[in-house]
Amino acid sequence: MSKKELRDPPVASHLKRDKRSLAQRAVDNLALEIGVHAKDADRRQWYRASGIAIRDHVFRRWIDSQDRFRDAGAKKIYYLSLEFLIGRSFSNAILNLDLDDEAAAALIGLGQDLEELAEQEVDAGLGNGGLGRLAACYLDSMATLGLPGFGYGIRYDYGIFTQKFDAQGGQLEEANKWLHYQNIWELRRMKRYYTVHFGGSVQSTKSDTGEHTISWVDTRKVVALAYDTPIPGNDGETVNHLRLWSARASEPFHLDEFNAGRYADAVEDQIKAKNLSRILYPDDTTPQGKELRLAQQYFFVSASLQDILRDFLDEHGELGKLPDKVAIQLNDTHPALAIPELMRILTDDHGQGWDEAWAITRQVFSYTNHTLLPEALEVWPVTLFENLLPRLLHVIYHINRDLLQLCAERFPGDTLRQQRMSMIGEDGVRSVRMSHLAIVGSHKVNGVAELHSRLVTETIFRDFFELFPERFTNVTNGVTPRRWLKLANPGLSRLISKRIGDGWENDLGRLREL
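What counts and what doesn't
- Residues numbered from 1 in each chain as written.
- Predicted model: local features only at pLDDT ≥ 70, side-chain atom pairs only at ≥ 80, totals over all residues.
- Heavy atoms only, no water.
- Helix = DSSP H or I, 4+ residues; strand = E, 2+ residues; numbered from the N terminus.
- Buried < 20%, exposed > 50% of the residue type's maximum accessible area, 1.4 Å probe, protein only.
- Pairing = 2+ DSSP bridges.
- Axes fitted to C-alpha atoms, helices over the stretch in contact; angles between N-to-C directions.
- Contact = heavy atoms within 4.5 Å.
- 1 Å grid on protein atoms, 1.4 Å probe; cavity = no way out; pocket = protein on both sides within 12 Å on 5 of 7 lines; lining within 4 Å.
- Points joined across faces, edges and corners; volume = space filled by probe spheres on them.
- Nonpolar A, V, L, I, M, F, W, Y, C, P; charged D, E, K, R; others polar.
- Core = buried A, V, L, I, M, F, W, Y, C linked by side-chain atoms within 4.5 Å.
- Phe/Tyr/Trp six-rings, centres within 6.5 Å; stacked < 30°, edge-to-face > 60°.
- Lys NZ or Arg CZ within 6 Å of the ring centre and 35° of its normal.
- pLDDT = per-residue confidence, 0-100.

Residue placement: L145 occurs in the loop between α7 (130-144) and β2 (149-154). Note on L145: relative accessible area 63%, which makes it exposed.

The next thing to look at is the sheet that holds strand β15 (residues 444-447). In space, the nine strands of this open sheet follow the order β5-β8-β9-β2-β1-β10-β11-β15-β16, with mixed pairing throughout. One side of each edge strand has no neighbouring strand; the edge strands of this open sheet are β5 (187-198) and β16 (472-474). Across the sheet, the axes of successive neighbouring strands diverge by a mean angle of 25°, strand direction being ignored. Examined bridge by bridge, strand β1 (residues 76-80) and β2 share four bridges and lie parallel to one another. Across the sheet, residue I77 finds its bridge partner in β2, namely G149. Sitting on the sheet, helix α11 (residues 287-315) touches β1, β2, β5, β8 (220-232), β9 (239-249), β10 (326-331) and β11 (365-368), and the angle it makes with β5 is about 120°.

What follows deals with the layout of surface pockets. In this structure, the largest pocket occupies an estimated 1,200 Å³ of space. In terms of lining, the largest pocket is formed by 44 residues, of which the most central are S91, L95, K486, L487 and P490. For the lining of the largest pocket, the class distribution of residues is 18 nonpolar, 11 polar and 15 charged.

Counting residues in hydrophobic clusters, the biggest one holds 100 residues, and the most contacted among them are F198, F299, I328, F385 and L389. Examining the composition of this core, we find that 11 residues originate from one element, α11, more than from any other. Excluding its chain neighbours within four sequence positions, the residues that come into contact with L389 are H197, F198, W216, L294, Y298, L337 and L384. Membership of the second largest hydrophobic core comes to 28 residues, among which are Y47, A49, I52 and A103.

A separate point is the packing of aromatic side chains. Here a ring pair, both rings aromatic, is described through the centre-centre distance and the interplanar angle of the planes. For the structure shown, the criterion picks out 13 aromatic pairs. Summarising the aromatic geometry, the rings of Y152 and W245 are spaced 6.2 Å apart at their centres and angled 5° between planes, so their arrangement reads as stacked. On the criterion of sequence distance, the pair formed by Y152 in strand β2 and W245 in strand β9 is long-range, its members being 93 residues apart. For the pair formed by Y152 and W245, the shared burial category is buried. By the ring-pair criterion, three or more aromatic residues cluster together here, those being F69, Y78, F150, Y152, Y194 and W245. The ring of Y181 has R44 lying over it, and the distance from NZ or CZ to the ring centre is 3.6 Å. Sitting over the face of the ring of F411, R417 holds its NZ or CZ atom 3.9 Å from the ring centroid.

Turning to the confidence of the model for the protein, a few remarks are in order. On average, residues of the protein score 92 in pLDDT, and 97% of them reach the 70 mark or higher. A low-confidence stretch, residues 1-13 stays under pLDDT 50, and its non-local contacts, those more than four residues away or across chains, total 11 contacts.

This part covers the sheet that holds strand β12 (residues 379-381). An order of β12-β14-β13 is seen for the three strands of this open sheet, with the pairing classed as antiparallel. One side of each edge strand has no neighbouring strand; the edge strands of this open sheet are β12 and β13 (424-425). Bridge count between β13 and strand β14 (residues 431-433): two bridges; the pairing is antiparallel. Note that in β14 the partner of G425 across the bridge is S431.

The following block contains the structure:
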């Protein structure tokens, strides 16, 4: 029997959407998943049982969506971001599956209130503000449009801090314990784990034929473990996912150190590795904090690229086809290390020539710029790169050499322009300019509003616009009306539907009919 014949039956054959079936599944989940009788269950247990009942519908569509994309040989979109402010999954899934009336009725019959149970879910601690909400809205929109679009980020243990105030009105920051209770919306992918390298040194060897081989040796290894959160689109036909990475040491426990009484030394590597996925935006006012931030960024882009290439090679096999089947969007400069990392993988691991690898890389990536303030553009000291990511620094130097050569050919004698455009800033501490790397390594660069995109080409990146005018474009960003209108204001949503009919939440132009 073929793999296709072994696939599970379609959704309608075993999952029912009526209120009685949903109620029965919630009661069954109390007993089978949580081990408690309905009459003894508290509100949080009711939330878990009801959430699992809804989650079953999401998971079923999730598998169907992956099968559909695979059968079609579809080009896949990957959105790399340090933040994903996805909010609560329970109410969003009910809304996007169009189960709000059935779920509310089912819970009323069980003596429970849908809104009260929804309050039991803690917001995912994966984002801080607009950058993270934009990323979440893109995932929602791609699923709603039926596009194979997936997110990659870090599974922070604590995320951004929880804000409280003391008696005098002063701000107190506490760790956000969003994973204190079991997160029923994530799924650990046991077979998805990758090794990420740090430190070490770079060696170049010459073969008998004169070819040079570059090796990154004596590295410190960290393992990235995958956790998936399904992202249902509106109407629920397409369900994509957000894949988040959690860090572990490659050798989690040193028994000899423990038996010698050196208990802290026995788990030191594990603690250092776990710090990579501990919190969002660790304080970078110290050298240790700067190193941790840069290590976080490399950790998640390296694991993500290894995962993307694994799927691509399984489905398509030929690296030359990568730009035809893979598109990677960089949300700000935080994931910009993906550009030299892909070059490293293509040249070091797959033996491709530099020019061929660069052509592939530049066609794969696009970059969204979020700031016009020069002081807010991300830079990292060269010495930090030398210690933490020496192989990537070699790659960046090569990319920069090619850039400066092209600049000299197009604008001969303009050394000031070369200094401004160089990826290596020479003012004060020598630093790697991440925005320059993101622009040079992408085939499209966009701002987030028409005015912003125009100012990008007229101010901070004018030199790059004059060299690569075809790369710059605009994408005016918005937020999903599913969450920010239909879910946030159901009364207004019902009134709109009563006047102009359903479906406007996927086509906001229809609001003109009001």
